[in-house]
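# Geometric and topological summary
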Amino acid sequence: MMVWLPVVGFLAGFIAVYWRAFTVPSDYAPYLSLAAIAGIDTILGGVRAGFEGRFENDVFLSGFVVNTVMAAALAYFGDQIGVPDLYLAAVVTLGGRIFLNLSLIRRYWLNKARAARRSDQGA
Amino acid sequence: MSVIVAAPVQKKKQWIWQITVLSVVLGVLLALSLETERVQKENLPPRFSILAKEYRNLQAINEGYAKQIAKLNVDIQQYERLLRQSSGAKSSPAIAKLGQKLQEARQFAGLTALQGPGVIVKLMDSPKRKEYAQRYAGGADSGAQYEAALQDFLVHDSDVNGVVNELRAAGAEAISVNDQRLVAQSAIRCVGPIIFINGKPGGGSPPYIIKAIGPRQEMKDALEMTGGYLDTQHLREYNMVEIQVADQVTIPAYDGPTFFRYAKPVQGGQVAQQATDGRG
């Protein structure tokens, strides 16, 4: 049951803000979106590390902050030096990692379910 | 690693809580991002959507005003009828005379629908415009030269103006173009591919039906005369005009604004003594 806590937290944060019509200036909207993608990547990475038993809170926390800020900063930097497609680097990297982490989490869950079924049959 | 092995349960609880906290932050980030993106789509990028909204708003306001005008016109008619009833022609010839004068002034100004004998002129793009344009462009069926040649075989605002002028010169008493009544202030002008009349797009696109009440035969002859507008512009040659004489033509009243914003009557100035029945 504990695994659903992040989902609940996510929904809580989402609901708290979504219907308030808070917005950021449109110039910064792409950077914010990128930061959000970096956030998704870090959270999934944390979940995966937790499942694998090598979760370290300092790595996780610094990862979240640095990834979100850096993803946005990279896109901003790209815009400034006239390489507006630089944000694609962040999108590709983060997107790839999101899928990788998702697949590992899925595998971990399936393995656990399979193991549980086997032990049921054994008993 | 070794720590995890030593107290795995406690450790698990801890990491899930930390992830939960940052999940909240992520939720906030995503919500902000989505909301911004939504608002942005609503407001900024497709400029057309803003213009379209603006246009619809103005249209709605316009319709409101049109309804108001119609209502006020009905009121005016009612007051006039009351005036006539409360003072019959016998009891007050002065008011009866005023009422008649008012009616004449309105008719002259184009504020009453009229009917009578006249002509109906249809102006349209030449049916063989592409063929002609190709011939005049030296065989090309596209490109700047072809486009320029094509213009000569399309109906323009100048053609409508020319025909209207010719009709007026021949004694037309009331003229409408595509059911827009022409009055003293009316302008006929191209705006893009359509013709605006009385400041409204009511002129529409070709064909243009010009109706005129007046001396039928004279108007028809005036249009067809050698050296007249249709002749010098070769409109008949390219089948761009049809003239039809009619026993009964109905022309709608002018429905635009009638107030003056700049011009004011001169104090003690001259008032024309107009002949009212054509006999002086």
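Scroll up a little and you will see the structure.
Now for a description of the structure that goes with this document. (Residues numbered from 1 in each chain as written. Chains lettered and ligands numbered in written order. Predicted model: local features only at pLDDT ≥ 70, side-chain atom pairs only at ≥ 80, totals over all residues. Heavy atoms only, no water.)

Broken down by element type, chain A carries four helices and zero strands. Starting at the N terminus, the α and β elements of chain A follow one another as α-α-α-α. Pairs at least 24 residues apart make up 69% of the contacts formed inside chain A by residues separated by at least 6 positions. Per element, the accessible surface of chain A, about 7,600 Å² overall, is 67% carbon and sulfur. (Helix = DSSP H or I, 4+ residues; strand = E, 2+ residues; numbered from the N terminus. Contact = heavy atoms within 4.5 Å. Areas by Shrake-Rupley, 256 points an atom, 1.4 Å probe, with all protein chains shown as cover.)

Okay, the packing of aromatic side chains next. Residue and element names in this part refer to chain A. Applying the stated criterion to the full structure yields ten aromatic pairs over all chains. Plain terms: the ring middles of Phe10 and Phe14 are 6.0 Å apart, the flat faces sit at 35 degrees to each other, and that makes the pair tilted. Here Phe10 and its partner Phe14 are both found in helix H1 (residues 5-18), four residues apart, which amounts to about one turn of the helix. The class for Phe10 is partly exposed, based on a relative accessible area of 23%. Pairwise contacts between aromatic rings join Phe10, Phe14 and Tyr18 into one cluster. (Phe/Tyr/Trp six-rings, centres within 6.5 Å; stacked < 30°, edge-to-face > 60°. Buried < 20%, exposed > 50% of the residue type's maximum accessible area, 1.4 Å probe, protein only.)

We now examine the packing of helix H2 (residues 29-52) of chain A against helix H3 (residues 57-80) of chain A. Describing two packed helices takes the angle between their axes plus the distance from one axis to the other. Residue and element names in this part refer to chain A. For the pair H2 and H3, interaxial distance at closest approach is 8 Å and the crossing angle is 150 degrees. It follows from the interaxial angle that H2 and H3 lie roughly antiparallel. In the crossing of H2 with H3, the sense of the turn from one axis to the other is right-handed. Packed against H2, whose contacting residues are Tyr31, Leu34, Ala35, Ala38, Gly39, Asp41, Thr42, Ile43 and Gly46, the element H3 presents Phe60, Gly63, Phe64, Asn67, Thr68, Ala71, Ala72, Ala75, Tyr76 and Asp79 at the interface. Class assignment for the residues of the contact of H2 with H3 results in eleven nonpolar, six polar and two charged. (Axes fitted to C-alpha atoms, helices over the stretch in contact; angles between N-to-C directions. Parallel < 35°, antiparallel > 145°, perpendicular 65-115°, else oblique. Left-handed = near helix turned anticlockwise from the far one by under 90°. Nonpolar A, V, L, I, M, F, W, Y, C, P; charged D, E, K, R; others polar.)

Glancing now at unusual backbone geometry. All names here are of chain B. The phi angle at Asp179 is positive, at roughly 65 degrees, despite the residue not being glycine. Tracing the sequence through the fold places Asp179 in the loop between strand E2 (174-177) and strand E3 (180-181). Judged by relative accessible area, which is 46%, Asp179 ranks as partly exposed.

Turning our attention to the pattern of salt bridges. Residue and element names in this part refer to chain A. Under the counting rule described, the total for this entry stands at nine salt bridges over all chains. Between Arg97 and Asp41 there is a salt bridge whose closest N-O contact spans 2.6 Å. You can see Arg97 sitting in helix H4 (residues 87-122) and its partner Asp41 sitting in helix H2, a full 56 residues away along the chain. A relative accessible area of 38% places Arg97 in the partly exposed class. Given the relative accessible area of 1%, Asp41 is considered buried. Each of Arg48, Glu52 and Arg54 takes part in salt bridges that share partners, so that together they form one network. (Salt bridge = Lys/Arg side-chain N within 4 Å of Asp/Glu carboxyl O.)

All names here are of chain B. Overall, antiparallel pairing links the five strands, which are arranged E3-E2-E7-E1-E8 in an open sheet. Each of the sheet's edge strands pairs with one partner strand only, and the pair in question is E3 and strand E8 (241-251). Inspection of the sheet shows E2 paired to E3 by two bridges, in the antiparallel sense. Bridging from a neighbouring strand, Ser176 pairs with Arg181 of E3. (Pairing = 2+ DSSP bridges.)

This paragraph deals with the packing of helix H5 (residues 129-136) of chain B against helix H6 (residues 144-151) of chain B. All names here are of chain B. Axis separation between H5 and H6 bottoms out at 8 Å; the angle between their running directions is 125 degrees. With respect to H6, the axis of H5 lies oblique. Where H5 crosses over H6, the handedness of that crossing is right-handed. Contacts between H5 and H6 pair Arg129, Lys130, Ala133, Gln134 and Tyr136 from the former with Tyr146, Ala149 and Leu150 from the latter. Residue classes in the contact of H5 with H6 are distributed as five nonpolar, one polar and two charged.

Within the largest apolar cluster, 36 residues are counted, with the highest numbers of intra-cluster contacts made by Leu123, Val160, Leu167, Val177 and Ile210 of chain B. Ignoring anything within four residues of it in the chain, the contact list for Ile210 of chain B reads Val119, Ile120, Val121, Leu123, Val160, Val163, Val164, Leu167, Ile175, Ser176 and Val177 of chain B. Core analysis: the second largest hydrophobic core is formed by 16 residues, Leu5 and Leu44 of chain A together with Trp15 and Leu26 of chain B among them. (Core = buried A, V, L, I, M, F, W, Y, C linked by side-chain atoms within 4.5 Å.)

Bringing the pairing of strand E4 (residues 188-191) of chain B into the picture now. Residue and element names in this part refer to chain B. Where E4 lies against strand E5 (residues 194-197), four bridges are found, and the strand directions are antiparallel. Bridge assignment links Cys190 to a residue of E5, and that residue is Ile195. The hairpin turn running from E4 into E5, its antiparallel successor, is two residues long, and Gly192 in that turn takes a positive phi close to 65 degrees.

Compared with an ideal rise of 1.5 Å per residue, which puts 14 residues at 20 Å, H1 of chain A spans 20 Å between its outermost C-alpha atoms and is within 8% of the ideal. For H1 of chain A, the set of buried residues is Leu5, Pro6, Gly9, Gly13, Phe14, Val17 and Tyr18 of chain A. (Expected span 1.5 Å × (residues − 1).)

At the junction of the two partners, chain B supplies 30 residues and chain A supplies 35 residues. Interface area for chain B against chain A, summed over the two sides, is near 3,100 Å², with a carbon-plus-sulfur share of 79%. The three residues of chain B that bury the most area against chain A are Trp15, Ile19 and Leu22 of chain B, which together make up 19% of that side's buried surface. On inspection of chain B and its partner chain A, the count reaches zero salt bridges. Counting across the interface, chain B meets chain A through one residue pair in polar contact (both at pLDDT 80 or more). Of the residues forming the side of chain B that touches chain A, the biggest block, 27 residues, is contributed by helix H2 (residues 8-43) of chain B. Among the residues forming the side of chain B that touches chain A, the class breakdown is 18 nonpolar, eight polar and four charged. (Buried area = accessible area lost by both parts, 1.4 Å probe. Polar contact = N/O pair within 3.5 Å; in protein donor to acceptor, adjacent residues only side chain to side chain.)

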